[in-house]
Each structure stands twice: as structure tokens, then as C-alpha cells.
Amino acid sequence: MQQWSICGKLSGIGSSLPSMKIERHGQAKILTQQEIELLFNEGLHTARDRTLFGVCLYTACRIGEACSVMVKDIYTNSGTVRSTINERKANTKGKLQTRTIPVIEDLRSLLTSWKPNAGQTYLFPGRHSSHHWKHLHTNSADQILREAFEQTGIEGASTHSFRRTALTQMSNAGIPLRIIQEISGHNNLEQLQHYLEVKPDQVKGVIAFLSMLSYTGKDTSRCRA
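What comes next is a walk through the structure. A quick note: this is a predicted structure, and the numbers were derived from the prediction, not measured.

Definitions and cut-offs
- Residues numbered from 1 in each chain as written.
- Predicted model: local features only at pLDDT ≥ 70, side-chain atom pairs only at ≥ 80, totals over all residues.
- Heavy atoms only, no water.
- Phe/Tyr/Trp six-rings, centres within 6.5 Å; stacked < 30°, edge-to-face > 60°.
- Lys NZ or Arg CZ within 6 Å of the ring centre and 35° of its normal.
- Buried < 20%, exposed > 50% of the residue type's maximum accessible area, 1.4 Å probe, protein only.
- Helix = DSSP H or I, 4+ residues; strand = E, 2+ residues; numbered from the N terminus.
- Pairing = 2+ DSSP bridges.
- Contact = heavy atoms within 4.5 Å.
- Core = buried A, V, L, I, M, F, W, Y, C linked by side-chain atoms within 4.5 Å.
- Axes fitted to C-alpha atoms, helices over the stretch in contact; angles between N-to-C directions.
- Parallel < 35°, antiparallel > 145°, perpendicular 65-115°, else oblique.
- Nonpolar A, V, L, I, M, F, W, Y, C, P; charged D, E, K, R; others polar.
- Salt bridge = Lys/Arg side-chain N within 4 Å of Asp/Glu carboxyl O.

### Brief notes about the packing of aromatic side chains
Scanning the entire structure with this criterion turns up two aromatic pairs. Here the basic side chain of Lys115 rests over the ring of Tyr75, its NZ or CZ set 5.4 Å away from the ring centre.

What follows is the structure, given as C-alpha cells:
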């Protein structure tokens, strides 16, 4: 099995766990870089599962959006991976808007490898072609991931962890919330902020800037270095 490494790409995320999800209560865990590597290398055993949750991680989409993504929104007529993915309005929560997400190289690699196994209409076809669900059901995806988390010993996580992890990583990288909102599809910034994790060391670092407001009259030029 191909080894997946994202060293340096998701550093600094998920080190605190203010409200770990237990028995579907609380917020889904923010995954660390090490947990993601462990999950993709040892917890997810098929190309389909790695591609499915790669879509979740690298587009910050919801699991329902990933399960129902259409082949024509992923591949060109010649079979190559498109430069962007459309999360169609009809498949999004609340059906508010279509989102267009650029495809990064890690996701492109997964989608390229999965191409021979993709369905005719949906990227992840359902097991039974005669069933009214023509694509992989979200309950099946949830079960796959729960078993992977159990196998790797990752607690407090769910399918929503990929979305929270991706959005928090963007926020930690200093991306303006308005831009992140375009990717996440949240109706307003207040909804988006509920997804983002703020760590104690981040708060400490921001408060440290207040030393520039010293009442002692000391030279604050060093604080700006």
C-alpha cells in the first residue's frame, strides 16, 4: 500500500482537545498531522476509502458532499483530474451555493489512482446499482471511518473531523475568515467560527504583543523584531 505523508502541511493543529466528541456528543476532534498519516496508512485499507476521506480533508467538504460528488465534476472528458472541484449547490447542506475548490497535488494523486474504479455518474458508486441511493451512503462512510479510528486508537473523531481540521489549518495559517467562508460554504462568519479551534499557546502569543503597550516607557523596538 502506498504510504501517505503530509509532513509539514498540517503542523501545529489539533494539539488541544477542549471538547472531545464522545458517543456523538461534543465537537469532532481536530486531527493532528501524525493522526492523519496513521489513519491513511494503517486505518483506511482501500483506495476508495483513502480517496473518499482525502476529498473530505483536502476540500473541507461535508461527508454527504463527498459521497455524492459527480464524476464529471472531477475528471475531464479525456480522463484527467480537473484543476478545481465543484461542490454542487444541490448536494450542499441547505443548498445555498455551488462551491469551487482548487485541487492540490495530494488530492490529485488520490483521484488519479481512483479513476479506473469511479462510477459512471458518481465518483463513489453505491454497492447496489438498483438501489435508489446511486452513490455511497453516508452511513456506510461513517461506519468505515469509525472502524478505522478504532483500529488506529484515535478517539473523539468523526467524519466531521476532516472538515474541522482543514478549516482550522487555514485559519492557523492566517487566511482571512471571509476567504475560508468561500471554501466552507457557511452562511455567515459566526457559523464558521464555531468550527475553528483556538489553542492556548495561540492566545498566549497574541497576548504577548500587549507588552508593546508597556507603562514603564521601555524601548519596545525589540518587541517588533
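Structure shown, so let's carry the discussion forward.
### A word on the pairing of strand 2 (residues 99-102)
The alternating pattern of strand 2 places Arg99 and Ile101 on a buried face, while none of Thr100 and Pro102, on the opposite face, is buried. One ladder, built from four bridges, connects strand 1 (residues 84-87) with strand 2; its direction is antiparallel. Note on strand 2: the bridge partner recorded for Asn86 is Thr100.

### As for the environment of Gln151
In this fold, Gln151 is placed in helix 5 (residues 138-152). Through-space distance from the C-alpha of Gln151 to that of Leu39 is 8.8 Å; in sequence the pair is 112 residues apart. Among all residues touching Gln151, those that are not within four sequence positions of it are Glu42, Gly43 and His45.

### Some points on the nonpolar core
With 36 residues, the main nonpolar core has Leu39, Leu52, Phe53, Leu111 and Phe162 as its most contacted residues. Broken down by element, the residue count for this core peaks at six residues, all from helix 2 (residues 47-59). Look past the residues within four positions of Leu111 in its chain and what remains in contact with it is Thr51, Val55, Ile74, Tyr75, Val81, Ile85 and Leu123. One finds Ala60, Leu167, Ile180 and Leu192 within the second-largest nonpolar core, a separate group that totals five residues.

### Here's the deal with the packing of helix 2 against helix 5
Where helix 2 contacts helix 5, the two axes come as close as 11 Å, and the packing angle between them is 105°. With respect to helix 5, the axis of helix 2 lies roughly perpendicular. Each of Arg48, Asp49, Leu52 and Phe53 in helix 2 lies in contact with helix 5, whose residues at this interface are Ala141, Ile144 and Leu145. Classifying every residue of the contact of helix 2 with helix 5 gives five nonpolar, no polar and two charged.

### Looking at the pattern of salt bridges
Applying the stated criterion across every chain, the model contains five salt bridges. Residues Asp49 and Arg48 are paired through a salt bridge, measuring 3.0 Å at the closest nitrogen-oxygen approach. The salt bridge involving Glu65 is made with Arg62; its shortest N-O contact spans 2.9 Å. The burial state of Glu65 is the same as that of Arg62; both residues are buried. By sharing partners, the salt bridges in this structure join Arg62, Glu65 and Arg99 into a single network.

### Description of the environment of Arg108
Here Arg108 is to be found in helix 4 (residues 105-114). Sequence separation of Arg108 and Val81 is 27 residues, and the distance between their C-alpha atoms is 6.5 Å. If sequence neighbours within four positions are ignored, Arg108 has contacts with Val81, Arg82, Ser83 and Val103.

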